[in-house]
Amino acid sequence: MINIIFTRMFTHDDAEALSCVIDDVSKGLHEEGSIRENIGDVLKGFLLTLPVLLLYGITTLLSTYYLVNDMVGVFSKSELRAFLPDYLMLSALCSFVLFFILIAFITIFPISTLGKYHLGCTFFIISVVSIIFIVVICCFPTDAFKNFFYTNFINHHQVPLADEFYKLIGDGYTMVTFEPLPEEFRKRGYEDFSYKKYLLPAYESRERLQEAEELAISSDVVILGAVPEFLIRDRLEKNKLTFRYEERLFKKIDRRLIHLEYWKKLYKEHTRYRRKNLYMLGASAYNRLDTAMLLSYPHKCFKWGYFINVPSINITSILQEKEDQPLKILWCGTISQVKRPDLAIKLASKLKKDHIEFQLNMVGSGGVEWTSLITNLIDKLEVGRYVSLLGNLPNEEVLQMMRESHIFIFTSDRGEGWGVVLSEAMANGCTVVASNKIGAAPFLVKHKKNGMLFQSGRIKSLYKAVKFIIENNSLRKQFAVEAYNTIKNEWSPQIAAVNFIKLVDSLQRDESDILINEGPCSRAHIIN
């Protein structure tokens, strides 16, 4: 963030003075010999211009570093070129910041006529470049809006909590789905839960859809995910208690932020309801930060997430069984940019240099290009003996691998809205090392108590955390036990369902009387 403090305003008189300066310079430049006679002022003008251009260059280079940090040597040139629109956006924003600095500089300090002329030319050049950048970016096609509304079907991440609600409420609980399970998810092994008694498949017929709409209006309490916006609007007009549940709103800082339609959409979905009977269940520790930026949900955000069925295991016995086994490190996820699999490979390279014997198992698949990038990185760093790419595996097999592994590394960046795999690893005997920008991490992982957090995208930070665990075997086992207890006693679907009913009761009686201090449905606070 760049903060600029103005010592005084750029007034109308200043504008007229600057106009006169430009007119005088224009006349002077047409007079014979004027440049030679004022060579000192010309040089002074160029010297005054140089720091501005230098600052512009530094800021654009820093923005480029921010975008491709830790990616040089991992991605191909074509991949790096894909970052160009975002780079242009940041460059344009830097230009506008420099514009305000320049105006303040011209109005505050005494500069000769030609000095101001050259500063004015610099401003003009930067402004033209900025406008071109903005036009290019605004016209650049983006997929941001295509995927803004997620498919609303029941999956294995939602079933444990839905089952608990049904146990507590019975027929008073209904879950409405607007789409069947997509075929692509069936192929990936997702189970079809359409047989659940509490399901109302609104997509089956017009009558079912009408029933769902009527239920959305008449129910005492509604939790809404990806649903048509009119359902929220009509319900709030009747002042009915309503909850949204969402991950973080700004998963990626990209060119969407300069699209007016994007901000209008956010305003219509969130900010305009700030004084309505609408609350936010944030399925990300960073949800509150994003909603605060929109001036929405004041004191109305609560912790939420995705809840897994916690296995009844003997955690002490599991840890004992792998005590004398060779060190196993597990990584799970899609081979993609958000998941940052390159960090796992770089970690393997560092551990190899330390002469540590280990096996890194990587579960998951991705696109051809990304898979190729990772395999090339493995060859480049010569860690093929230590790294196994296992592809997609059935969930039960992955859970068993977690029980057999010593350390689970979760390397995703801020694009990971929640990250259910973190809960699964903690519930199955792994000591976790997680990126601090993953949505679930600040809620679930207490640094050096039940796991380790590292600075997102920083290989040195990841290496330091993993090395700490390797060198402190007793702490590793202690972290694993505490991690299991965290999921079982604080973040299970049973706890979440009970806490939600308590929250509803508290809100219906008195908004300030919230009885839940930790875990699901406790108040969410801003985390940067």
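These lines cover the structure that appears in this document, whether it is placed above or below.

Conventions and cut-offs
Residues numbered from 1 in each chain as written. Predicted model: local features only at pLDDT ≥ 70, side-chain atom pairs only at ≥ 80, totals over all residues. Heavy atoms only, no water. Phe/Tyr/Trp six-rings, centres within 6.5 Å; stacked < 30°, edge-to-face > 60°. Helix = DSSP H or I, 4+ residues; strand = E, 2+ residues; numbered from the N terminus. Lys NZ or Arg CZ within 6 Å of the ring centre and 35° of its normal. Axes fitted to C-alpha atoms, helices over the stretch in contact; angles between N-to-C directions. Parallel < 35°, antiparallel > 145°, perpendicular 65-115°, else oblique. Left-handed = near helix turned anticlockwise from the far one by under 90°. Contact = heavy atoms within 4.5 Å. Nonpolar A, V, L, I, M, F, W, Y, C, P; charged D, E, K, R; others polar. Pairing = 2+ DSSP bridges.

### Notes on the packing of aromatic side chains
Within the structure shown, the criterion is met by 19 aromatic pairs. Ring centres 6.0 Å apart and planes at 45° place the aromatic pair Trp-418 and Trp-491 in the tilted group. Here Trp-418, found in the loop between strand E10 (407-410) and helix H17 (420-426), pairs with Trp-491, found in the loop between helix H20 (473-489) and helix H21 (493-509); they are 73 residues apart in sequence, far enough to count as distant. Positioned above the aromatic ring of Tyr-463 is the side chain of Lys-350, whose terminal nitrogen or guanidinium carbon lies 5.6 Å from the ring centre. Stacked on the ring of Phe-468, the Lys or Arg Lys-448 has its end atom at 4.7 Å from the ring centre.

### Some words on the packing of helix H14 (residues 341-353) against helix H19 (residues 459-471)
Across the interface, H14 lies against H19 with an axial gap of 10 Å and an inter-helix angle of 55°. If you check the angle between H14 and H19, you find them oblique. Considering how the two elements wind past one another, H14 and H19 form a crossing that is right-handed. For the pair formed by H14 and H19, the contact residues are Leu-343, Lys-346, Leu-347, Lys-350 and Leu-351 on the first element and Ile-459, Leu-462, Tyr-463, Val-466 and Ile-470 on the second. Taken together, the residues of the contact of H14 with H19 break down into 8 nonpolar, no polar and 2 charged.

### Description of the side chain of Thr-431
Among the structural elements, Thr-431 can be located in strand E11 (residues 431-435). If sequence neighbours within four positions are ignored, Thr-431 has contacts with His-406, Ile-407, Phe-408, Ile-469, Arg-476, Phe-479 and Ala-480.

### Examining the sheet that holds strand E5 (residues 278-282)
Sheet architecture is open: 4 strands sit in the order E3-E4-E5-E6, paired in parallel fashion. The strands lining the two open edges of the sheet, one partner per strand, are strand E3 (221-224) and strand E6 (301-303). Each neighbouring strand pair of the sheet contributes to a mean axis angle of 25°, computed without reference to strand direction. Where H21 meets the sheet, it contacts E3, strand E4 (241-246), E5 and E6, and its direction lies at approximately 135° from that of E4.

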